[in-house]
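# Fold and geometry: a report
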Amino acid sequence: MPAVRALLLTAVLVAAVVLQVAVFSVVDVGGVVPNLALLVVVAAALVRGPEFAAVLGFVGGLAIDLAPPADHIAGRWALALVVVGYLAGRVRQDAGSSALAALVTVAACSFVGTSVFALSGMVLHDPSIPVGEALRVIPLAVVYDVLVTPFALPLLLRLFRRVQPHQVAY
Amino acid sequence: MLGLLLLASFTVITLDARGGDSSPLDPVRSVAGDAFGPVETAAATAVRPFAALPDHFRTTDSLRRDVAALRSQNSELRSELAGSALSRHQVTELAGLRSQSSSTGYALVPAHVVAMGPAQSFSRTVTIDAGTRAGVHPDMTVMDNDGLVGRVVRADRSTATVLLIVDQESVVGGRLGSSMEVGFLRGRGRLDGGTRLDLELVDGSATAARGDSLVTWGSKNGRPFVPGIPVGKVTSLVSSPRSQSTRAVISPYVDFSSLDLVGVVVKRGTKSDRTVIEAGRQPAGGDR
């Protein structure tokens, strides 16, 4: 079964990356589209905890970095989503308690993820991101991610609960 | 575990950043491109019919507003056309440039834009559904029927990545239609409503007039930019006493937020998996 699970998780990540560049680009707001891969990582963190989510974040981030039309230095989204997965996993006790808490978690993760990506770009000058542009894009990204959360997150949570390996009850 | 993953991320970043033009990650990238490209193409093809849907829900009010706006634009254009000798000069200049470009005979590989990089990634790139099999290679000019779109930065088997001229990293050599002055055109990294580009003229004493049209200057051997492709027109001029050169703000002819069908400029007789549009069909626009 682990092979089937891995295959399923890969399919979910690929679908998220493809949807955000090829489908959601139709309904972009100032070029900003919902970061679905980030939502997948947050959902994984809420169900499975920080370590699993960090691994998934690394794989999902690399997919964003390498899939066309990405043209930035590879590894930057991987770094951002590892951090997001770890942070979301650490607060999962609180984040899983209510719908509002989950929304706040997504907002915080979206802010942290996009900011880490932007900061790594500023450090590497790839591209040299003006601060004004970052300040415009980051809040928009947070709002859009939060708007999509009520539709996407419950589905993802259910999916991750289904594919969770059986645990011994205490 | 976390430390390991962070280390892995930094390793990938270092490998790619240090590699420069020949990054060790290029083979991985092209494998990913070959894998993701067809999926993105399929997804974009599936949603294309729905892309036009929001237009159907527009209210009568917004349509009326559009009619009013178009009317005023129309009369403005008419007065412009009838008016200055300057614009007539521009038209002849541009016609000359265009006939020159038609004599060089560009051939175009048609392609659809299938994916657009999110603004969260801070680079303005798109994926087109034509790759090396269609005869598309890096450093080729991409245009649509309004004017210059960008250049190909990477080509995989069935898709290619295009850097739009609105990207901050993009620099295009431009030439003003009226005075033949040359300058460097840089993007601002934004493509929503009222996209603007900055043109820095090489000759500090040269000036540009509002409404002046800008065409590509052309690079060596036409790579990455072939000469004579309309880019946009001058909307305003900024000259600061501090900097020696004059800066002109350019409004591009291409609407970058709704890119769909584009053409990649290839050499005549290029082998391609699709019909190559041969010369004779020069880009419309430019004289607007």
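Residues numbered from 1 in each chain as written. Chains lettered and ligands numbered in written order. Predicted model: local features only at pLDDT ≥ 70, side-chain atom pairs only at ≥ 80, totals over all residues.

### Quick notes on the overall build of chain B
To keep things clear, this is the line we draw: Only DSSP runs of H or I covering at least 4 residues are called helices, and only runs of E covering at least 2 are called strands; the numbering of each starts at the N terminus. Remark: C-beta atoms are placed from the backbone, and a residue is labelled buried if 20 or more other C-beta atoms sit within 10 Å of its own, exposed if 12 or fewer do, or partly exposed between those counts.
What chain B contains, in helices and strands, is five helices and 12 strands. Expressed as a percentage of the 288 residues in chain B, the buried residues total 40%.

### Some words on the sheet that holds strand β1 (residues 107-116) of chain B
Residue and element names in this part refer to chain B. Selection rule: The rule for pairing is simple: two strands pair if DSSP sees at least two bridges between them. Interaxial angle, 0 to 180 degrees, is taken between N-to-C directions of lines fitted to C-alpha atoms, where a helix line uses only the stretch in contact. Distance between backbone-placed C-beta atoms decides contact: two residues are in contact if it is within 7 Å.
On the basis of which strands lie adjacent, the closed barrel formed by six strands has the order β1-β2-β5-β4-β3-β12 and antiparallel pairing. Averaged over all neighbouring strand pairs, the angle between strand axes comes to 45°, with direction disregarded. Sheet analysis places strand β3 (residues 141-143) next to strand β12 (residues 261-266), joined by two bridges and oriented antiparallel. Residue Val142 lies in a different strand from β12, and its bridge partner there is Val264. Its contacts with the sheet put helix α2 (residues 26-51) on β1 and β2 (125-128), and the angle it makes with β1 is roughly 80°.

### Let's talk about the sheet that holds strand β11 (residues 247-252) of chain B
Residue and element names in this part refer to chain B. With respect to topology, six strands assemble into a closed barrel ordered β6-β7-β8-β11-β10-β9, the strand pairing being antiparallel. Mean inter-strand twist for the sheet, computed between neighbouring axes without regard to direction, equals 40°. Across three bridges, the pairing between strand β9 (residues 213-216) and strand β10 (residues 230-238) is antiparallel. By the bridge assignment, Val215 is partnered in β10 with Pro230.

### Some thoughts on the interface of chain A and chain B
How we decide: Residue polarity follows a fixed list, in which Ala, Val, Leu, Ile, Met, Phe, Trp, Tyr, Cys and Pro are nonpolar, Asp, Glu, Lys and Arg are charged, and the others, Gly among them, are polar.
Listed per partner, the contact involves 44 residues of chain A and 46 residues of chain B. Among the secondary structure elements, those contributing two or more residues to the side of chain A that touches chain B are α1 (2-23), α3 (50-66), α4 (76-90), α6 (99-124) and α7 (131-162) of chain A. No other element matches α1 of chain A, which puts seven residues into the side of chain A that touches chain B. Residue classes in the side of chain A that touches chain B are distributed as 30 nonpolar, 10 polar and four charged.

### A closer look at the pairing of β1 of chain B
All names here are of chain B. Within β1, seven of the 10 residues are buried, which leaves it mostly tucked inside the rest of the structure. Relative to β12, β1 runs antiparallel, the two being bridged by six bridges. Note that in β12 the partner of His112 across the bridge is Leu261. Across three bridges, β1 lies against β2 in antiparallel orientation. Each residue of the ladder has a partner; that of Ala115, found in β2, is Thr127.

### Comments concerning α6 of chain A
Since the α-helix packs 3.6 residues into each turn, any two residues three or four apart lie on the same face. All names here are of chain A. Under the convention used in this document: Each helix should span, by expectation, one fewer than its residue count multiplied by 1.5 Å.
End to end, α6 covers 37 Å across 26 residues, agreeing with the expected 38 Å (1.5 Å per residue, within 8%). Buried residues along α6 sit in contact with α2 (36-48), α4, α5 (92-95) and α7. Residue His125 follows α6 closely and has a positive phi angle near 55°.

### Quick look at the nonpolar core
To be explicit about the condition: Note on terminology: a nonpolar core is any set of buried Ala, Val, Leu, Ile, Met, Phe, Trp, Tyr and Cys residues joined through C-beta atoms within 7 Å.
Core analysis: the biggest nonpolar cluster contains 121 residues, and Ala37, Val40, Val41 and Val42 of chain A together with Val264 of chain B have the highest contact counts within it. Counting residues per element, this core draws most heavily on α2 of chain A, which supplies 12 residues.

### Brief notes about unusual backbone geometry
In the segment running from Pro68 of chain A into Pro69 of chain A, the intervening peptide bond is cis, with an omega of 5°. Inspection of the secondary structure puts Pro69 of chain A in the loop between α3 and α4. The phi dihedral of Asp139 of chain B is positive, around 65°, even though this residue is not glycine. Secondary-structure assignment places Asp139 of chain B in the loop between β2 and β3.

### Considering the packing of α1 of chain A against α3 of chain A
For any two helices packed against each other, the geometry comes down to the angle between their axes and how far apart the axes lie. All names here are of chain A. The test is simple: Angles below 35 degrees are treated as roughly parallel, those above 145 as roughly antiparallel, those between 65 and 115 as roughly perpendicular, and all remaining angles as oblique. Crossing handedness: left-handed means the near helix sits turned counterclockwise from the far one by under a right angle, and right-handed means the same turn made clockwise.
With their axes 10 Å apart at the nearest point, α1 and α3 run at an angle of 40° to one another. Here α1 is positioned oblique relative to α3, judged by the angle of their axes. Between α1 and α3 the crossing geometry is right-handed. Contact residues: Leu9, Leu13, Val14 and Val17 in α1; Leu56, Val59, Gly60, Ala63 and Ile64 in α3.

### With respect to the confidence of the model for chain B
A low pLDDT score tells you not to read the predicted coordinates there in detail. All names here are of chain B. The following threshold applies: Residue-level confidence of the predictor is what pLDDT reports, using numbers from 0 through 100.
Averaged over every residue, the pLDDT of chain B is 79; residues scoring 70 or more account for 81%. Within chain B, the lowest mean pLDDT, 52, falls on helix α5 (residues 85-104), and the highest, 93, falls on strand β5 (residues 160-164). Predicted confidence is poor over residues 281-288, with pLDDT under 50, and the contacts of this stretch with residues over four places away or in other chains come to 21 contacts. Scored by ipTM, the complex comes to 0.85, with pTM at 0.80.

### Here we look at the confidence of the model for chain A
Taken over all residues, the pLDDT of chain A has a mean of 88, while the share at 70 or more is 96%. No element of chain A has a lower mean pLDDT than α5 of chain A, which averages 82, and none a higher one than α4 of chain A, which averages 94.

### Focus on the environment of Pro38 of chain B
Residue and element names in this part refer to chain B. Locating Pro38 in the fold gives a position in helix α2. What makes Pro38 partly exposed here is the crowd of 17 C-beta atoms within 10 Å. In the structure, Pro38 is positioned 150 residues away from Arg188 in sequence and 30 Å away in space, judged by C-alpha atoms.

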